[in-house]
Amino acid sequence: MDMGTNNEPGIADVLGYWNRRPCNIRHSRKDVGTREYFDEVEARKYRVEPHIPEFASFAHWSGRRVLEIGCGIGTDAVSFARAGAEYTGVDLSDVSLAMARRRFEVFGLDGQLFCHNAEQLDAVVAPASFDLVYSFGVIHHTPQPRAVIECARRLVKPDGELRIMLYARHSWKAIMIEEGFDQPEAQSGCPIALTYTPEDVRRLLDGLFDVTEMRQAHIFPYVIDKYLRYEYELQPWFKAMPTELFAALERKLGWHLLVVARPI
Ligand SMILES: C[S@@+](CC[C@H](N)C(=O)[O-])C[C@H]1O[C@@H](n2cnc3c(N)ncnc32)[C@H](O)[C@@H]1O
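Residues numbered from 1 in each chain as written. Predicted model: local features only at pLDDT ≥ 70, side-chain atom pairs only at ≥ 80, totals over all residues. Heavy atoms only, no water.

Visitor: Any details on the sheet that holds strand E6 (residues 209-217)? Residues and values, ideally.
Guide: The strand order E3-E2-E1-E4-E5-E7-E6 describes an open sheet built from 7 strands, whose pairing is mixed. One side of each edge strand has no neighbouring strand; the edge strands of this open sheet are strand E3 (112-115) and E6. Strand-to-strand twist in this sheet, taken as the mean axis angle between neighbours without regard to direction, amounts to 15°. Relative to strand E4 (residues 130-136), strand E1 (residues 65-69) is paired through 3 bridges, and the arrangement is parallel. Paired with Leu67 across the two strands is Val133, which belongs to E4. Helix H5 (residues 94-106) contacts strand E2 (86-91) and E3 of the sheet and is inclined by roughly 165° relative to E3. Strand contacts of helix H8 (residues 198-205): strand E5 (156-167), E6 and strand E7 (256-263), with the helix running at about 150° to E6, the strand carrying the most contacts. (Pairing = 2+ DSSP bridges. Helix = DSSP H or I, 4+ residues; strand = E, 2+ residues; numbered from the N terminus. Axes fitted to C-alpha atoms, helices over the stretch in contact; angles between N-to-C directions. Contact = heavy atoms within 4.5 Å.)

Visitor: Before we move on, can you summarise the site of the ligand with the specific residues and values?
Guide: Inspection of the region around the ligand gives 21 residues, with Gly70, Asp91, Asn117, Ala118 and Thr142 positioned closest. Within the side chain of Lys45, a nitrogen or oxygen atom sits 3.2 Å from an oxygen atom of the ligand. Here a nitrogen atom of the ligand sits 3.1 Å away from a polar atom, N or O, in the main chain of Leu92. Surface burial for the ligand is 97%, taken as the share of its 600 Å² of free accessible area covered by protein chains. Sort the elements by how many residues they give to the shell around the ligand and helix H1 (residues 11-20) lands first, with 3 residues. Among the residues forming the shell around the ligand, the class breakdown is 9 nonpolar, 9 polar and 3 charged. (Near = heavy atom within 4 Å. Polar contact = N/O pair within 3.5 Å; in protein donor to acceptor, adjacent residues only side chain to side chain. Areas by Shrake-Rupley, 256 points an atom, 1.4 Å probe, with all protein chains shown as cover. Nonpolar A, V, L, I, M, F, W, Y, C, P; charged D, E, K, R; others polar.)

Visitor: Can you explain H1? Please cite residues and give values.
Guide: Here H1 has its buried residues at Ile11, Val14, Leu15, Tyr17 and Trp18. Down the axis of H1, the buried set is contained in an arc of 165°. They therefore lie on one face. Among the structural elements, H5 are those in contact with the buried residues of H1. (Buried < 20%, exposed > 50% of the residue type's maximum accessible area, 1.4 Å probe, protein only. Arc of directions from axis to C-beta.)

Visitor: Which residues make up the side chain of Ser96, and what are the values?
Guide: One can find Ser96 in helix H5. Among the residues examined, Ser96 registers a relative accessible area of 2% and is labelled buried. Once residues lying within four places of it in the same chain are set aside, the contact partners of Ser96 are Trp18, Asn19, Pro22, Gly72, Ile73 and Asp91.

Visitor: Give me the lowdown on the pairing of E5, citing residues and values where you can.
Guide: Regular strands have side chains that alternate between both faces of the sheet. Buried residues dominate E5, accounting for 9 of its 12 residues. Pairing analysis gives 6 bridges linking E4 to E5, with the strands arranged parallel. In the sheet register, Phe130 faces E5, and the bridge partner there is Val156. Traced from E4 through helix H6 (residues 145-155) to E5, the parallel crossover comes out right-handed. (Right-handed = clockwise from strand over helix to strand, strands pointing away.)

Visitor: Pulling in residues and values, what's your account of the nonpolar core?
Guide: Within the largest apolar cluster, 36 residues are counted, with the highest numbers of intra-cluster contacts made by Val66, Phe80, Tyr87, Phe104, Leu113, Tyr134 and Phe136. Only helix H2 (35-48), helix H3 (51-56), helix H4 (75-82), H5, E4, E5 and E7 provide two or more residues apiece to this core. By residue number, the principal contributor to this core is H5, which donates 5 residues. Setting aside residues no more than four positions away along its own chain, Tyr87 makes contact with Val66, Glu68, Cys71, Ala77, Phe80, Phe104, Gly111, Gln112 and Leu113. Listed in part, the 29 residues of the second largest apolar core include Leu67, Val138, Val201 and Leu208. (Core = buried A, V, L, I, M, F, W, Y, C linked by side-chain atoms within 4.5 Å.)

The following block contains the structure:
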């Protein structure tokens, strides 16, 4: 595996980070790997990130072939599978993937799950075979994002679709990080967390996909220490804000850049 050069983080650093603490693993206090645990993980994820079900449009992919790049512990994975998609998920982190596999077993769902680097997916997945290539919060964490997009282009059907979430450069969260009030992920030390402007996204997809929709969503509004205790109290400045103003702020300065694109 490439360890990176000139102290640049490489894929082994990315793997180590996500294996130490798979994404959303502390979204429940129930026994890890139980039905109750996974139900709580899902409820908390979609409570805090309610734009996900709408963006993924799980029901729309019923009976169609979906590839998820970076499925993590499988929250969106089971939502696609439950909605009737023919689901394939890939993740670099074997620890995350073991949890996703367990989740499919617990709920008796069908799906194919591979542990693999998404920069080299051609080795394990047949070309032009997916109606949807979906990736939520993943491509900005890998050393070679363009390599992932090139794989996605080869794997999507000519009339298929790409739906990805990338971190937004012009965002409330990026300001908080820059000013030392926040960090990109729940656990510190994330080796790679790139941010993108709309122009950066077009460059990333250039010659491979045409963007059909791009919008921003999601400002995390809760008091962190309460959130860690599973209490959902808004920060005082967000509590004081009219709902419509908060929604406008999310559209302008949301951390999640939601991109829909068609292969060229
Ligand atoms: C923030 S988590 C998101 C997980 C999932 N999409 C979700 O929304 O819960 C990022 C995930 O990307 C995976 N990842 C990062 N780089 C990857 C790569 N090159 N190939 C496959 N997976 C990768 C990590 O292992 C981790 O599970």
